[in-house]
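A look at the structure
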Amino acid sequence: MKIMKKGDMAVIFIVLILTAGLFGFRLFGRIAGECVLISVDGSESTYRLSEDRSVLLESEDGKCTVVIEDGKVFVKHSDCPEKSCMNMGKISKKGEVIACAPLKIYVKITGNGGGGYDAVAG
Amino acid sequence: MTLSPAKRAAFGGLLTAAALIFSYVETLIPLQSIIPIAGVKLGLANICIMLGVYYLGITEGLGLLLAKTVLTAILFGTPVSFVYSICGGGLSFVFLALSKRFLEKKMSLVGVSIASSALHSIGQTLAACLMFGDIAFLIFLEWLLPISVITGTITGIAAVFLGRIAEERL
């Protein structure tokens, strides 16, 4: 019983090419980040990746704890129902992102502070 | 396959109910703890949308998609999940409708399913970019796209077999 047709193979090929393109694109930019940008409901703050700290974030929909430790960032706790932000593990490379959609919070690794670091206390 | 109006209505209702059940069942499968990326799911409800488009028509399929998206958001979701759902579903539906119109001979439901699940991921990622105002979220696609090949194949094969059963029984 034959299910697959030529068009199916073309689709798989196109999707895999796109994936390879995305991976390839990142391979060249895969450098260690310097800063952590944390956005809570649109308001952003930046921290150094090299300084260990724990940041408690509060949005309208709940709280979330982001920890910077040993040059890596992760979400330690979140009030969101899905917990996929906690499951995303630790990030440290430029361009990597952890998002918590229900709380409208995301964390992004950036190459530099983009003009000085905010001295926002966590 | 030509169906009487009564059979069309019954089949449409059956697909809508099945789409809701599938959406609920998916929330019980902890796929996200295995693949830790926001929004990873099998897309079982897409089986129903695809069957709706291919066996009932594009307009009926669109009705199914809207009914499924709105009802799922009310029953199991949040306003935020509705926005993601409609962006992903909308983009994948555009392809679904075009494939029904132009590619039915060249492509099976497996290819259609893979393409629509990839587009669903792309739609949701773009929604995230717009909502957060940052294109950094495109990085998720490097995992979401290859995963969509796997999930799309699974749901596509299921759709092919369920479609054959429907043809025999209706």
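The sections below set out a description of the structure shown in this document. (Residues numbered from 1 in each chain as written. Chains lettered and ligands numbered in written order. Predicted model: local features only at pLDDT ≥ 70, side-chain atom pairs only at ≥ 80, totals over all residues. Heavy atoms only, no water.)

Some details on the overall build of chain B
- A tally of helices and strands in chain B yields seven helices and zero strands.
- What you see for chain B is a C-alpha radius of gyration of 16 Å, in line with the 15 Å of a compact globule of 170 residues.
- Once the C-alpha set of chain B is aligned to its principal axes, its extents read approximately 50 × 35 × 25 Å.
- Taking all contacts inside chain B whose residues are at least 6 apart in sequence as the whole, residues at least 24 apart take part in 73%.
- Carbon together with sulfur atoms contributes 73% to the accessible area of chain B, which is approximately 7,900 Å² in total. (Helix = DSSP H or I, 4+ residues; strand = E, 2+ residues; numbered from the N terminus. Rg over C-alpha atoms; globule rule 2.2 N^0.38 Å. Contact = heavy atoms within 4.5 Å. Areas by Shrake-Rupley, 256 points an atom, 1.4 Å probe, with all protein chains shown as cover.)

Considerations on the overall build of chain A
- When helices and strands are tallied, chain A shows two helices and seven strands.
- Counting helices and strands in the order they occur from the N terminus, chain A gives α-β-β-β-β-β-α-β-β.
- Within the span of chain A, comprising 122 residues, buried residues form 42% of the whole.
- For chain A, the computed accessible surface area is about 6,800 Å², with 57% contributed by carbon and sulfur atoms. (Buried < 20%, exposed > 50% of the residue type's maximum accessible area, 1.4 Å probe, protein only.)

Considering the pattern of salt bridges
Residues and elements named next belong to chain B.
- As enumerated under the stated definition, the model contains five salt bridges over all chains in all.
- For Arg8, the salt bridge goes to Glu60, with nearest N and O atoms at 2.7 Å. Pair noted here: Arg8 is in helix H1 (residues 5-28) and Glu60 is in helix H4 (residues 58-76), with a separation of 52 residues, a long-range link.
- Residue class for Arg8 comes out partly exposed when judged on its relative accessible area of 28%. (Salt bridge = Lys/Arg side-chain N within 4 Å of Asp/Glu carboxyl O.)

A few points about the sheet that holds strand E2 (residues 43-48) of chain A
All names here are of chain A.
- As summarised here, the arrangement of the four strands in space is E2-E1-E7-E6, forming an open sheet in which the pairing is antiparallel. Sheet topology places E2 and strand E6 (97-100) at the edges, where each strand pairs with a single neighbour. With direction set aside, neighbouring strand axes in the sheet form an average angle of 15 degrees.
- For strand E1 (residues 35-40) and strand E7 (residues 105-110), the ladder comprises six bridges, and the chain directions are antiparallel. Within E7, the position partnered with Leu37 by the bridge is Lys108. (Pairing = 2+ DSSP bridges. Axes fitted to C-alpha atoms, helices over the stretch in contact; angles between N-to-C directions.)

Some words on the interface of chain A and chain B
- The interface is formed by 31 residues belonging to chain A together with 33 residues belonging to chain B.
- Each partner contributes to the roughly 2,700 Å² buried at the junction of chain A and chain B, and carbon and sulfur atoms together form 72% of this total.
- Lys108 of chain A is the partner of Asp134 of chain B in a salt bridge, and the nearest nitrogen-oxygen pair spans 2.9 Å.
- Inspection of the chain A/chain B interface yields five residue pairs in polar contact (both at pLDDT 80 or more).
- Those elements that provide at least two residues to the side of chain A that touches chain B are helix H1 (6-28), helix H2 (84-87), E6 and E7 of chain A.
- Tallying contributions element by element places H1 of chain A first for the side of chain A that touches chain B, with twelve residues. (Buried area = accessible area lost by both parts, 1.4 Å probe. Polar contact = N/O pair within 3.5 Å; in protein donor to acceptor, adjacent residues only side chain to side chain.)

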